[in-house]
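A structural walkthrough
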Amino acid sequence: MTDLRYGWTTGACATAATTAAYTALLTGEFPDPVTIALPKGRRPAFALATEELRGDAASAGVVKDAGDDPDVTHGALIVSTVRAGEPGTGVTFRAGPGVGTVTLPGLPLDVGEPAVNPVPRELMTEAVRRVAAEHGAGDAPDVVVELSVPHGEEMARHTWNPRLGIVGGLSVLGTTGVVVPYSCSAWIDSIRRGVDVARALGHNHVAGAVGSTSEKVVTELYGLPDTALLDMGDFAGAVLKYVRRHPVPRLSIAGGFAKMSKLAAGHLDLHSKRSQVDLELVADLVRESGHEDLAAEIGGANTALHALELAREHDVPLGDLVADRARRVAADVLADAPVTVDIVAVDRAGTLVGRAGP
């Protein structure tokens, strides 16, 4: 099997572009390729895709390579424009076209700030200071860094940014500077930020949904606003563990019957490659409810959908049985956290087939 190729975060690309632009502002020459320092001792080199020097400002652009990760920003041009700042202001950041601005509390940035996360800010600040020291511009340079991403506002519609209250474009993200293929760390980080925003807005009820169908159902059931909805995907464990540490009074978990069957079996990662529906467990739930003959049929079912159809023929609420077991698994993960959890299970058509909890 071929190893998947690592890539670079938007934060790493922005740091490379900023390093090149500031170097050109001081020297008149763009380093190409430009090498930067990342956490854990990595020192990658980036080729410049664009460069422009115009008197009081310099701009450089780097095309993001996300490796083999299915990242919406793969191939995006990350541009940094650097100019001198007001004396005593240090390194400050602005959102150019395609980079978002924070409009809701709960994120690690103040409302009104450009959506450039803390670690990329640190990386760029250190890069500016290093370049300044190398070229005799002092150890505390005053520099404005404006980041932009052509078509970034359109790309951002395919991310969590609108729901998190980040408007106008993408976020500049990254903690290590490296994109690990299919690590899904960015998705899990978005789940956590979603909980943070919901808490900051005072929501007492949030819902984690596997996909758009289950999200629509749970929204209609409870009348939840967008800022209370968590695009959980397959990461039920990520939602439960973060809410355990950062409680919200009520949590709903919503998903298809098959996914909720996986949760009922104790799987916290619901992806098809990492967990399978345990039809024996489903059969046991039916058996415990006093339907021995149906349990035998379900034990030989082809799929979770087939099992659900068999139960419907016998007028047995299999969806409720699975939801109840899934709720107990979820409650065990939440442990002593002051959180009430309920489960909502739907079929592929978006019909409610099971519920458990208040």
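Residues numbered from 1 in each chain as written. Predicted model: local features only at pLDDT ≥ 70, side-chain atom pairs only at ≥ 80, totals over all residues. Heavy atoms only, no water.

1. Section: the packing of aromatic side chains
All told, the structure shown has two aromatic pairs when counted by the stated rule. Between Trp187 and Phe235 the ring centres are 5.8 Å apart and the planes differ by 65°, which places this aromatic pair in the edge-to-face class. Placement of Trp187 in helix H5 (residues 185-200) and of Phe235 in the loop between strand S15 (229-231) and helix H7 (236-245) is noted, with a sequence separation of 48 residues between them. Take Trp187: its relative accessible area is 36%, and that puts it in the partly exposed class. (Phe/Tyr/Trp six-rings, centres within 6.5 Å; stacked < 30°, edge-to-face > 60°. Helix = DSSP H or I, 4+ residues; strand = E, 2+ residues; numbered from the N terminus. Buried < 20%, exposed > 50% of the residue type's maximum accessible area, 1.4 Å probe, protein only.)

2. Notes on the environment of Ala14
With respect to the helices and strands, Ala14 occurs in helix H1 (residues 10-27). When near neighbours in sequence (up to four residues on either side) are disregarded, Ala14 contacts Ile78, Ser80, Met124, Leu147 and Val172. (Contact = heavy atoms within 4.5 Å.)

3. Focus: the layout of surface pockets
Gaps left between atoms show up when a probe the size of a water molecule is rolled over them. Considered as a void within the structure, the second largest pocket measures approximately 340 Å³ in volume. Among the elements of the structure, helix H6 (212-222), strand S16 (250-256), helix H8 (257-264) and helix H11 (304-313) are those that each provide at least two residues to the lining of the second largest pocket. Split into classes, the residues belonging to the lining of the second largest pocket amount to seven nonpolar, seven polar and three charged. (1 Å grid on protein atoms, 1.4 Å probe; cavity = no way out; pocket = protein on both sides within 12 Å on 5 of 7 lines; lining within 4 Å. Points joined across faces, edges and corners; volume = space filled by probe spheres on them. Nonpolar A, V, L, I, M, F, W, Y, C, P; charged D, E, K, R; others polar.)

4. What about the sheet that holds strand S17 (residues 340-346)?
Spatially, S15-S14-S16-S17-S18 is the arrangement adopted by the five strands of the open sheet, whose pairing is mixed. One side of each edge strand has no neighbouring strand; the edge strands of this open sheet are S15 and strand S18 (352-356). Averaged over all adjacent pairs, the angle separating strand axes in this sheet is 20°, with direction ignored. Note: strand S14 (residues 205-209) against S16, five bridges, orientation parallel. The partner of Ala207 across the bridge, within S16, is Ser252. (Pairing = 2+ DSSP bridges. Axes fitted to C-alpha atoms, helices over the stretch in contact; angles between N-to-C directions.)

5. Re the packing of H7 against helix H12 (residues 318-334)
At a minimum axis separation of 8 Å, H7 and H12 run at an interaxial angle of 45°. The angle between H7 and H12 falls in the class oblique. For the crossing formed where H7 meets H12, the hand is right-handed. Here Leu240, Lys241, Val243 and Arg244 of H7 lie close against H12, whose contacting residues are Ala330, Val333 and Leu334. Across the contact of H7 with H12, the residue classes break down as five nonpolar, no polar and two charged. (Parallel < 35°, antiparallel > 145°, perpendicular 65-115°, else oblique. Left-handed = near helix turned anticlockwise from the far one by under 90°.)

6. A word on the pairing of strand S4 (residues 50-54)
Looking down a regular strand, the side chains alternate between one sheet face and the other. Both S4 and strand S5 (residues 57-63) contribute to a ladder of five bridges, which runs antiparallel. Residue pairing for S5: Glu52 is matched across the bridge by Ser59. Counted between consecutive antiparallel strands, the loop separating S4 from S5 contains two residues, among which Gly55 sits at a positive phi close to 70°.

7. A short note on the packing of helix H9 (residues 279-288) against H12
Each pair of packed helices can be described by the angle between their axes along with the distance between the axes. Orientation of H9 relative to H12, taken along the N-to-C sense of each, is 110°, at an axis distance of 10 Å. In terms of orientation, H9 and H12 fall into the roughly perpendicular class. Packed against H9, whose contacting residues are Leu281, Val282, Leu285, Val286 and Glu288, the element H12 presents Leu318, Leu321, Val322 and Arg325 at the interface. Tallied by class, the residues present in the contact of H9 with H12 amount to seven nonpolar, no polar and two charged.

8. A look at the nonpolar core
Ranked by size, the top nonpolar core spans 74 residues in total, and within it Val239, Leu251, Ile253, Met260, Leu263, Ile298 and Leu318 carry the most contacts. Core analysis: the next-biggest nonpolar cluster, separate from the first, contains 38 residues, Ala21, Tyr22, Phe46 and Val82 among them. (Core = buried A, V, L, I, M, F, W, Y, C linked by side-chain atoms within 4.5 Å.)

9. Quick word on H12
Over its 17 residues, H12 runs 24 Å from end to end, which matches the ideal 24 Å to within 8%, given 1.5 Å per residue. Among the residues of H12, Leu318, Gly319, Val322, Ala323, Arg325, Ala326, Val329, Ala330, Val333 and Leu334 are the ones counted as buried. Directly beyond the C-terminal end of H12, a positive phi value near 55° is found at Ala335. (Expected span 1.5 Å × (residues − 1).)

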